[in-house]
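Results of the structural survey
Each chain, letter by letter, is given below.
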2 protein chains.
Amino acid sequence: MKLYDFPGAPNPRRLRIFMAEKGIKVPLEQLEILKGAGRTPEFLKKNPFGGIPLLELDDGSYLAESVAICRYLEGLHPEPNLMGKDFREQALIEMWQRRAELSLFGSIGRAFQNTNPIIAPVIGQQFPEYGAKQLATAQQTLAVFDAQLKGKEFIAGPRYTIADITALVAIEFGKQNAGLQLDPALKEIARWHQAVSSRPSAKA
Amino acid sequence: MKLYDFPGAPNPRRLRIFMAEKGIKVPLEQLEILKGAGRTPEFLKKNPFGGIPLLELDDGSYLAESVAICRYLEGLHPEPNLMGKDFREQALIEMWQRRAELSLFGSIGRAFQNTNPIIAPVIGQQFPEYGAKQLATAQQTLAVFDAQLKGKEFIAGPRYTIADITALVAIEFGKQNAGLQLDPALKEIARWHQAVSSRPSAKA
């Protein structure tokens, strides 16, 4: 197997943390996506929708989409479990992973895409006012997560899951690239963020 | 069980089609989301992130997020299988479902949210130019799907899956609410669309 990766991009980082939690090591190939390497004709043969992460399997086929790659790796390496042990738990964790992805990660990504000049050459026209509104949405969503974390150690419940990975990566990426700030009044977020960002996997 | 639903909204429709394919019947409660019923304090106790579909379970707990609800129902009613029989197939179908959701459904949703006056009272400020760019992205994505459908009966391969549901609902919603047009030159899309939209489940 081989994983197409780029250090500064959030989706590949989700996967690197997921693999670090499971102790999975896969050779990485860096792809200069800010120079358009995710959209070349050669790369589009591997992933017609563009983008990374992309996993090259040993049979020469490719698996795209971070969460789909996580589900494949979870099947190959079931422990520690990060996506649910039975369908009830899988559904619950997927609910929280999607909340983190759609409400937080998505808003932060759109704030970045529409306000940060580093991505302008790849994305074309930016809409800074729209980006600012997306950032405000992300800040509001953090307050919802804060309330939801009361009495829970992690986002989906008593143990660390893929939902924590998505939320952590979204927040770190937003702080570095989209002007996101963690309001210190959100004490549950602060407690959770301290815990998940000090795990060894957070260095991945 | 009870499902909170609204006839015109795309996410609940994904679930209604999914249930129709499996022959699952669940009582529906309509929620007037265009009048803000998905954001009332009472409803936010059920789903703190707002929005539908929302499944009320028999133990009084709630499951949100369309795809998470689908995964739960797939566990309860495994046949016909729509999300994969083993982890390899689950990962492949999840890749295609996410491509349909993130590249097509998401772009169409943002085009709708930023151009259609019907949603303005719920969403606040709209950014019509951004919405137009999102619609253009969706049209380009349809061409990528067209190329990918060559030699395949359905989006994820030889059988109908949740990826077809997401793409169908996105396209129908986009045509009705966001100015999406199916280019007749996309012959594979036309063939696939004819097949999936004539299934009995498409009436759900």
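Residues numbered from 1 in each chain as written. Chains lettered and ligands numbered in written order. Predicted model: local features only at pLDDT ≥ 70, side-chain atom pairs only at ≥ 80, totals over all residues.

**Some details on the overall build of chain A**
Within chain A, the regular secondary structure consists of eight helices and four strands. Along chain A, helices (α) and strands (β) appear in the sequence β-α-β-α-β-β-α-α-α-α-α-α when read from the amino end. Over its C-alpha trace chain A gives a radius of gyration of 17 Å, about what one expects of a compact globule, namely 17 Å for 204 residues. In terms of overall dimensions, chain A has C-alpha extents of about 50 × 45 × 25 Å along its principal axes. Burial statistics for chain A: of 204 residues in total, 47% are counted as buried. (Helix = DSSP H or I, 4+ residues; strand = E, 2+ residues; numbered from the N terminus. Rg over C-alpha atoms; globule rule 2.2 N^0.38 Å. Buried ≥ 20, exposed ≤ 12 C-beta atoms within 10 Å, placed from the backbone.)

**Thoughts on the relation of the copies chain A and chain B**
Structural alignment of chain A on chain B gives an RMSD of 0.0 Å, achieved by rotating through 180° and translating 0.0 Å along the axis. On this basis, the relationship between the two copies can be described by a two-fold rotation axis. Considering only C-alpha atoms, the part of chain A nearest the rotation axis is Y130(A), at 3.9 Å. (Least-squares fit on C-alpha atoms with pLDDT ≥ 70 in both.)

**Let's talk about the sheet that holds strand β4 (residues 62–64) of chain B**
In any sheet, the strands associate via hydrogen bonds between backbone groups, in a parallel or an antiparallel arrangement. Residues and elements named next belong to chain B. Spatial strand order, β2-β1-β3-β4: four strands in an open sheet with mixed pairing. With partners counted over all chains shown, the strands left at the sheet margins are β2 (28–30) and β4, one partner each. For this sheet, the mean inter-axis angle between neighbouring strands, taken without regard to orientation, is 25°. Bridge count between strand β3 (residues 54–56) and β4: three bridges; the pairing is antiparallel. Bridge pairing links L55 to L63 in β4. (Pairing = 2+ DSSP bridges. Axes fitted to C-alpha atoms, helices over the stretch in contact; angles between N-to-C directions.)

**Let's talk about the nonpolar core**
Residues I108(A) and I108(B) are the most contacted members of the largest nonpolar core, which totals 108 residues. For I108(B), the residues in contact, after removing those within four places along its chain, are A138(B), A170(B), F173(B), G174(B), A178(B) and L180(B). (Core = buried A, V, L, I, M, F, W, Y, C linked by C-beta atoms within 7 Å. Contact = placed C-beta atoms within 7 Å.)

**Quick look at the interface of chain A and chain B**
Between chain A and chain B, the contact holds 28 residues from the first and 28 residues from the second. Mapped by element, the contributors of at least two residues to the side of chain A that touches chain B are β4 (62–64), α3 (66–76), α4 (87–115) and α6 (128–148) of chain A. Ranked by residue count, the leading element in the side of chain A that touches chain B is α4(A), at nine residues. Within the side of chain A that touches chain B, the residues separate by chemical class into 14 nonpolar, five polar and nine charged. (Nonpolar A, V, L, I, M, F, W, Y, C, P; charged D, E, K, R; others polar.)

**Some remarks on the pairing of strand β1 (residues 2–5) of chain B**
All names here are of chain B. Bridge count between β1 and β3: three bridges; the pairing is antiparallel. Counterpart to L3 in the pairing with β3 is L55. Each parallel crossover has a hand, and for β1 linked through helix α1 (residues 10–22) to β2 it is right-handed. (Right-handed = clockwise from strand over helix to strand, strands pointing away.)

**Brief notes about the sheet that holds β4(A)**
Residue and element names in this part refer to chain A. Reading across the sheet, the four strands line up as β2-β1-β3-β4 and stay open at both edges, with mixed pairing between neighbours. Strands at the two margins of the open sheet, each flanked by one partner only, are β2 (28–30) and β4. Neighbour-to-neighbour, the strand axes of the sheet open up by a mean angle of 25°, direction not taken into account.

**So, unusual backbone geometry**
In this chain, E79(A) is followed by P80(A) through a cis amide linkage whose omega measures -10°. Mapped onto the secondary structure, P80(A) falls in the loop between α3 and α4. Cis peptide bonds are those with omega within 30 degrees of zero, and the linkage from I52(B) to P53(B) qualifies with 5°. Secondary-structure assignment places P53(B) in the loop between α2 (41–46) and β3.

**As for the packing of α1(B) against helix α7 (residues 162–177) of chain B**
All names here are of chain B. Orientation of α1 relative to α7, taken along the N-to-C sense of each, is 140°, at an axis distance of 9 Å. As judged from the angle between their axes, α1 and α7 are oblique. The handedness of the crossing between α1 and α7 comes out as right-handed. Contact residues: α1 offers P10, R13, R14, I17 and F18, while α7 offers I162, I165, T166, V169, A170 and F173. The residue inventory of the contact of α1 with α7, partitioned by class, reads eight nonpolar, one polar and two charged. (Parallel < 35°, antiparallel > 145°, perpendicular 65-115°, else oblique. Left-handed = near helix turned anticlockwise from the far one by under 90°.)

**Observations concerning α7(B)**
Residue and element names in this part refer to chain B. With 16 residues, α7 extends 22 Å between its outermost C-alpha atoms, agreeing within 8% with the 22 Å of an ideal straight helix rising 1.5 Å per residue. Of all the 16 residues making up α7, twelve are buried; the element is thus mostly covered by neighbouring parts of the structure. For α7, the set of buried residues is I162, A163, D164, I165, T166, A167, L168, V169, A170, I171, F173 and G174. Looking at the residues trailing α7, positive phi occurs at G179, about 75°. (Expected span 1.5 Å × (residues − 1).)

**Points about the pairing of strand β1 (residues 2–5) of chain A**
Alignment of β1(A) against β2(A), held across three bridges, turns out to be parallel. Bridged to D5(A) within β2(A) is Q30(A).

**A closer look at the packing of α1(B) against helix α3 (residues 66–76) of chain B**
All names here are of chain B. Relative orientation of the contacting elements α1 and α3 amounts to 15°, with a least axis distance of 9 Å. Put simply, α1 runs roughly parallel to α3. Taken as a pair, α1 and α3 cross one another with a handedness that is right-handed. Across from N11, R14, L15, F18, M19 and K22 in α1, the residues of α3 making contact are S66, I69, C70 and L73.

The values are spatial; any link to function lies outside them.
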